[in-house]
Amino acid sequence: MTAHAEQLRQDGHLIEKWAVGWMLLSLGLWAWFGYRFLLDDDRGHFTPTGSSRALVGILALAVIPTIITAATLVYARVLFRLAGRTAGQEAGQRS
């Protein structure tokens, strides 16, 4: 594997590690949202309370790292595919 393809592969692994971190943060926020939602659900449906705004805020905070996780995982996969294609093209040029 050439230096360029190896660098792409290493970058892909680094991005995957970042994605795992974002995923853990996202799971924690979703768990917090679920916990708060279950506590709020005991009061009954369709009754606006002060904690309803907090739930919406927690939901927004949970969605953002979820989207970032998905984007970083896709980016890592793209880097891995580019590394494979680069290595294959350079091996074909040497033949």
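For the structure given in this document, a descriptive report is provided here.

Analysis parameters
- Residues numbered from 1 in each chain as written.
- Predicted model: local features only at pLDDT ≥ 70, side-chain atom pairs only at ≥ 80, totals over all residues.
- Heavy atoms only, no water.
- Core = buried A, V, L, I, M, F, W, Y, C linked by side-chain atoms within 4.5 Å.
- Buried < 20%, exposed > 50% of the residue type's maximum accessible area, 1.4 Å probe, protein only.
- Helix = DSSP H or I, 4+ residues; strand = E, 2+ residues; numbered from the N terminus.
- Contact = heavy atoms within 4.5 Å.
- Salt bridge = Lys/Arg side-chain N within 4 Å of Asp/Glu carboxyl O.

Quick word on the nonpolar core
Turning to step 1, where the next piece is worked out: With 6 residues, the main nonpolar core is built from Leu-8, Ile-15, Ala-76, Leu-79, Phe-80 and Ala-83.
Turning to step 2, where the next piece is worked out: Breaking this core down by element, the ones donating at least two residues are α1 (3-41) and α2 (50-94).
Turning to step 3, where the next piece is worked out: By residue number, the principal contributor to this core is α2, which donates 4 residues.
Turning to step 4, where the next piece is worked out: The contact partners of Ile-15, leaving out residues within four places of it in the chain, are Thr-72, Tyr-75, Ala-76 and Leu-79.

Focus on the pattern of salt bridges
Turning to step 1, where the next piece is worked out: As enumerated under the stated definition, the model contains 2 salt bridges in all.
Turning to step 2, where the next piece is worked out: Here Glu-6 makes a salt bridge to Arg-9, at a shortest N to O gap of 2.5 Å. Taken together, the residues Glu-6 and Arg-9, both in helix α1 and 3 residues apart, mark about one turn of the helix.
Turning to step 3, where the next piece is worked out: Residue Arg-77 pairs with Glu-16 through a salt bridge whose shortest N-O separation is 3.0 Å. With a gap of 61 residues between them, Arg-77 in helix α2 and Glu-16 in helix α1 connect regions that are remote in the sequence.
Turning to step 4, where the next piece is worked out: On the basis of relative accessibility, which here comes to 47%, the residue Arg-77 falls in the partly exposed class.
Turning to step 5, where the next piece is worked out: With a relative accessible area of 21%, Glu-16 lands in the partly exposed category.

Bear in mind that shape data such as this cannot, by itself, settle questions of function.
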